[in-house]
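Structural overview for review
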Amino acid sequence: IVYTNGVDIPKVVCSGAGGVTVRDFYKTNIHNLENTNPVTSFVAKTVSLFNGKLMFANTIEGTARTYINRGRLSKLDSFEDFRAAQGGEIVELIEGSTGIAAMEPMSDFIVVYKEDVIYRGDWIGSPNVSVRFTATVQNEGTVGTNAIAPLPGYHYFVGKRNIYKYDGGKQLQPIGDPIRDELYT
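Described below are features of the structure shown in this document. Not measured: the values here are computed from a predicted model.

The number of helices and strands found in the protein is one helix and 15 strands. Here the C-alpha radius of gyration of the protein, 17 Å, is about what a compact globule of 185 residues would show, namely 16 Å. Counting only C-alpha atoms, the protein reaches 50 × 35 × 30 Å along its principal axes. Buried positions account for 43% of the 185 residues belonging to the protein. Sequence-distant contacts, at least 24 apart, represent 38% of the contacts inside the protein between residues at least 6 apart. For the protein, the accessible area works out to roughly 9600 Å², and carbon and sulfur atoms hold 53% of it. For the protein, the distance from the average position of its 18 positive side-chain charges to the average position of its 20 negative side-chain charges is 4 Å.

What follows is the structure in structure tokens.
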């Protein structure tokens, strides 16, 4: 299990015969884009696992450089190796005016939520680009990292104007109308 809180270096929780241990995520294989040096520090707002790739998003890398639109994907089945030469990837999801708030797998794709855009990431599995991201919903998104309830085949989430059911397509199904006035006033 990998945990992130958006403030500290991500934590890895391991269990085995000796019990449960918690340690810092190894950042030695997370490199700067400009060179091959490892980042000096690493924080992420959200984390998810999709098709054998660990994904971090909305990151602070090095000396407080914030990348609100950045997603980092690990090497396939190597959750602490994000080096590009080894199959790690960086994606910049620049549509919208807010940073990435959450990522949740759904069926055979992953959904990336901002406050004002929703992206769908489809697995294509090529060596250099394993996931193709497309902005599917504009002008709506989630209000926060923990405002999403993933279920098989769809998500429920709290948006800026309503509560929605989302199935990965281009339309949201509003489901919060009976309580919307109480929730948003």
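Let us look at the sheet that holds strand 13 (residues 154–158). The sheet built from four strands is open, its strands ordered 12-13-14-15 with antiparallel pairing. Single-partner strands in this sheet number two, and they are strand 12 (148–151) and strand 15 (172–174). For this sheet, the mean angle separating the axes of adjacent strands, direction not counted, is 25 degrees. Across four bridges, strand 12 lies against strand 13 in antiparallel orientation. Note that in strand 13 the partner of Pro150 across the bridge is His155.

Thresholds applied
- Residues numbered from 1 in each chain as written.
- Predicted model: local features only at pLDDT ≥ 70, side-chain atom pairs only at ≥ 80, totals over all residues.
- Heavy atoms only, no water.
- Helix = DSSP H or I, 4+ residues; strand = E, 2+ residues; numbered from the N terminus.
- Rg over C-alpha atoms; globule rule 2.2 N^0.38 Å.
- Buried < 20%, exposed > 50% of the residue type's maximum accessible area, 1.4 Å probe, protein only.
- Contact = heavy atoms within 4.5 Å.
- Areas by Shrake-Rupley, 256 points an atom, 1.4 Å probe, with all protein chains shown as cover.
- Lys, Arg positive; Asp, Glu negative; His and termini not counted.
- Charge placed at Lys NZ, Arg CZ, Asp CG, Glu CD.
- Pairing = 2+ DSSP bridges.
- Axes fitted to C-alpha atoms, helices over the stretch in contact; angles between N-to-C directions.

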